[in-house]
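Results of the structural survey
Letter by letter, the chains look like this.
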Amino acid sequence: AHLVYLLGTIHWRRFPSCIVGPDSLVPSINDLANLLKHTGWILGLRHHPPLDRWSYWEKFDYWAVFWGMIILGGTGFLLAFPLLSSQYIPGWGLNIAFWIHRIESLLAMAHIFVIHFFIAHLRRTSFPMDLAIFEGSVPLETVLHERPTWIARLRESGRFYMCLVAEASPLRRTAFYVFGYLAVATGFYLLIGALINSARITW
């Protein structure tokens, strides 16, 4: 569904220039510079870098999903239908697919429970939970602090006030927190179960 959405939003007459720029999730050299500057801010060595609409960590998260989808989905399909797969690849190919599938799974879980949890929910500006996934928006004071470059572009284009939305009602926000914490609790439950049963894994 997301790929269909992307194909419908690309301005094909301006392709490929339309998929680069500050409103694009395609990484750029500025993201590397922002990574270094942001690391300096985390260490207390410099001011917070003026980010644009998408930060470097959001772009990484976005493309990591595509990487994992292709690797896990492709190898998982081969392992789910070994007889069909063995008609096209040798047996040792399934062994390689098995290892790639496991390693990528561990990398995906480590990324979610370590990196994604930190950058999405445990940052000072989003603790205890980033509600953007539910509300479709972020607090203005957070954007002014983290993404002044984006705000400046919106003001220059006259679209700033068009992007402002009302805050979610207390009832809706409570529902968001309940659902979000249930999702987090489920994730930790599965993680603990995986750790308890890790000794049963045959490598």
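About the criteria used
Residues numbered from 1 in each chain as written. Predicted model: local features only at pLDDT ≥ 70, side-chain atom pairs only at ≥ 80, totals over all residues. Heavy atoms only, no water. Helix = DSSP H or I, 4+ residues; strand = E, 2+ residues; numbered from the N terminus. Polar contact = N/O pair within 3.5 Å; in protein donor to acceptor, adjacent residues only side chain to side chain. Core = buried A, V, L, I, M, F, W, Y, C linked by side-chain atoms within 4.5 Å. Buried < 20%, exposed > 50% of the residue type's maximum accessible area, 1.4 Å probe, protein only. Salt bridge = Lys/Arg side-chain N within 4 Å of Asp/Glu carboxyl O. Contact = heavy atoms within 4.5 Å. Axes fitted to C-alpha atoms, helices over the stretch in contact; angles between N-to-C directions. Parallel < 35°, antiparallel > 145°, perpendicular 65-115°, else oblique. Nonpolar A, V, L, I, M, F, W, Y, C, P; charged D, E, K, R; others polar. Patch = residues over 30% accessible without salt bridge, like charges linked within 9 Å, V, L, I, M, F, W, Y side chains within 5 Å. Areas by Shrake-Rupley, 256 points an atom, 1.4 Å probe, with all protein chains shown as cover. Arc of directions from axis to C-beta.

Here the amide bond leading from Phe15 into Pro16 is cis, since omega sits at 5°, within 30 degrees of zero. Residue placement: Pro16 occurs in the loop between helix 1 (2-9) and helix 2 (29-42). Pro128 follows Phe127 through a cis peptide bond whose omega is 5°. Take Pro128: it is sitting in the loop between helix 5 (91-121) and helix 6 (132-135).

What follows covers the side chain of His121. Tracing the sequence through the fold places His121 in helix 5. Within the local environment of His121, its side chain forms a polar contact with the backbone nitrogen of Asp130, the two atoms lying 3.1 Å apart.

Judged by nonpolar contacts, Val143, Trp150, Ile151, Leu154 and Phe160 together constitute the single largest core of five residues. Among the elements that take part in this core, helix 8 (residues 148-157) stands out by supplying three residues, more than any other.

Another aspect to go through is the pattern of salt bridges. Oppositely charged side chains are able to pair whenever their charged atoms sit close together. The tally for this structure, following the rule as stated, stands at seven salt bridges. For Arg53, the salt bridge identified is with Asp23, shortest N-O distance 3.7 Å. Linking Arg53 in the loop between helix 2 and helix 3 (56-80) with Asp23 in the loop between helix 1 and helix 2, this pair joins segments that are 30 residues apart in sequence. With relative accessibility at 37%, the residue Asp23 sits in the partly exposed group.

Next up on the list: the side chain of Ser126. When you line up the elements, Ser126 lands in the loop between helix 5 and helix 6. Not counting chain neighbours up to four residues away, the residues in contact with Ser126 comprise Ala120 and His121.

A word on the packing of helix 2 against helix 3. Following both chains from N to C, one finds helix 2 and helix 3 inclined at 120°, their axes separated by 9 Å at the closest point. The orientation of helix 2 relative to helix 3 falls into the category oblique. Where helix 2 approaches helix 3, its residues Asp31, Asn34, Leu35 and His38 are matched on the opposing element by Tyr56, Trp57 and Lys59. Split into classes, the residues belonging to the contact of helix 2 with helix 3 amount to three nonpolar, two polar and two charged.

Let us now look at a nonpolar patch on the surface. Residues Ile29, Leu32, Leu35 and Leu36 make up a contiguous nonpolar surface patch of about 410 Å² in total accessible area. Along the chain, Ile29 falls in helix 2. Using a relative accessible area of 66% as the deciding quantity, one classes Ile29 as exposed.

Moving on: helix 8. Within helix 8, burial applies to Trp150, Ile151 and Leu154. Summarising the axial view, the buried residues of helix 8 lie within an arc of 100°, below the 170-degree limit, and thus occupy one face. Check the buried side of helix 8 and you find it contacts helix 7 (140-146). Downstream of helix 8 by a residue or two, Gly158 has a phi angle that is positive, lying close to 80°.

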